Amino acid sequence: MGWWVINADTLAGGRFIVSPLAEVTASLKLLDSADAADPGERAWLEAHLPAYRERVAADPVTGLMVQIGLGRGWNADFLTPAPDGEATFEREVEQVRDTAPDDAVADLEVSMGGPLPAVLRRKDLPERAARIMEWVWRETVLPYWPRRRRILEADIVARTAQLGQRGWAAALDSMRPGMRWLGAGRLQINAHDYPPRDLSGARLFFVPVTPGRAWVAWEEPHRYAIVYPCSGTLTEHQQVPGPLGRLLGPARAGVLVLLDTPKSTTQLVALTGQGLGSVGRHLKVLMEGGLIQRRRAGRSVLYYLTPAGQVLIDAQNS
């Protein structure tokens, strides 16, 4: 298995951050695979996949670079640089653009598992990579960025609360598939047979993204990053069954549907796009109606469905 050795100081200094470039990379992965994991991703793909395919059809070199560099078992390192704290997308994408051309070719060969096609043995790969990322940012992420950022920040709030309640081991185990705390300072990253990496003295970042994609990145020996899918959804509009929306009102029904898993007020504000006061009023009415309940989890208050609320949701879906 692939695992990292993380001492107490490195773990204690670990930070959750938002990275626009990681969000773009996860979105680019989704566009390349065209493999939606949920209705939200499917709707987003329907909106943007045709334009992406037109873009790479006009630039097949870039399309092939993305397929090899992001569509296989090992990401090309220059396409997934480890963030250095929070920064703007424009600053982050310059890390990609500034890659030495020979390093980009070498990284793609690792992803390929052998020699590259002749068409990719060229000097402009970093520039091409930066341009496709800028296109994805401008055309497919930026229009939704305020809401996506709220979702990412809500995920960080929830995981920070989980840390306070259950500790690092539980927080890491639930972060991404295949990752778990092994004890004795060892964190399993995936099931692959890779040599262990010692992170002593390095900075460690945890980076949520809204598409269901996950990977790790590093700039040895200084910083490492774990990119994981956040608990929010990419759905731009919560799908509320028509009869339930007419019964409770679409906004209140949207809050109820989201509580299929416990969520805080902060998360509900991010996921619905409604104001804090509106969400609070909906929660009050739903609690008075016996459809939801609340409990404290560390410093947060989580709301969840009661059996009556679950029956109502199930009836709409049957």
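For the structure, check the block above.
Everything quoted here is computed from the prediction, not taken from an experiment. (Residues numbered from 1 in each chain as written. Predicted model: local features only at pLDDT ≥ 70, side-chain atom pairs only at ≥ 80, totals over all residues. Heavy atoms only, no water.)

## Here we look at the sheet that holds strand β6 (residues 203–209)
Then comes step 1: Taken in spatial order, the four strands make up an open sheet running β2-β6-β8-β7, and their pairing is mixed. In this open sheet, the two strands that pair with only one neighbour each are β2 (15–16) and β7 (215–219).
Then comes step 2: As judged from the two bridges shared by β2 and β6, these two strands associate in the parallel manner. The residue of β6 that forms the bridge with phenylalanine 16 is phenylalanine 206.
Then comes step 3: Here helix α8 (residues 145–173) sits on the sheet in contact with β2, β6 and β8 (223–229), set at roughly 130° to β6. (Pairing = 2+ DSSP bridges. Helix = DSSP H or I, 4+ residues; strand = E, 2+ residues; numbered from the N terminus. Contact = heavy atoms within 4.5 Å. Axes fitted to C-alpha atoms, helices over the stretch in contact; angles between N-to-C directions.)

## Some remarks on the packing of helix α10 (residues 250–258) against helix α12 (residues 276–288)
Then comes step 1: Viewed as axis vectors pointing N to C, α10 and α12 meet at an angle of 70°, and their least axial separation amounts to 10 Å. Compared by their axis directions, α10 and α12 come out roughly perpendicular. Here Ala251, Arg252, Val255 and Leu256 of α10 come into contact with α12, specifically with His282, Leu283, Val285 and Leu286.
Then comes step 2: Taken together, the residues of the contact of α10 with α12 break down into six nonpolar, one polar and one charged. (Parallel < 35°, antiparallel > 145°, perpendicular 65-115°, else oblique. Nonpolar A, V, L, I, M, F, W, Y, C, P; charged D, E, K, R; others polar.)

## Topic: the environment of glutamate 23
Then comes step 1: Turning to its location among the elements, glutamate 23 is positioned in helix α2 (residues 20–33).
Then comes step 2: Take glutamate 23: its relative accessible area is 0%, and that puts it in the buried class.
Then comes step 3: In this structure, the C-alpha to C-alpha distance between glutamate 23 and tryptophan 145, residues 122 residues apart in sequence, is 9.4 Å.
Then comes step 4: Residue contacts for glutamate 23: discarding those within four places in its chain leaves Val141, Trp145, Arg148, Leu152, Val209, Thr210 and Pro211.
Then comes step 5: A polar side-chain atom of glutamate 23 sits 2.3 Å from a polar atom in the side chain of threonine 210. (Buried < 20%, exposed > 50% of the residue type's maximum accessible area, 1.4 Å probe, protein only. Polar contact = N/O pair within 3.5 Å; in protein donor to acceptor, adjacent residues only side chain to side chain.)

## A closer look at helix α11 (residues 265–272)
Then comes step 1: By the burial criterion, the buried members of α11 are Gln267, Leu268, Val269, Ala270 and Leu271.
Then comes step 2: Here the buried face of α11 lies against α8, α10, β9 (263–264) and α12.
Then comes step 3: Where α11 ends, the next residue or the one after it, glycine 273, has phi of about 75°, a positive value.

## Side note on unusual backbone geometry
Then comes step 1: The residue after glutamate 220, namely proline 221, is reached through a cis peptide bond having omega -10°.
Then comes step 2: Relative to the assigned elements, proline 221 resides in the loop between β7 and β8.
Then comes step 3: Non-glycine residue alanine 34 carries a positive phi angle of around 55°.
Then comes step 4: Along the chain, alanine 34 falls in the loop between α2 and α3 (39–57).
Then comes step 5: Classification of alanine 34 as partly exposed rests on a relative accessible area of 30%.
Then comes step 6: With a phi angle near 55°, alanine 184 is a residue other than glycine that sits in the positive phi range.
Then comes step 7: Summarising the element assignment, alanine 184 is placed in the loop between β3 (180–183) and β4 (186–190).
Then comes step 8: On the basis of relative accessibility, which here comes to 75%, the residue alanine 184 falls in the exposed class.

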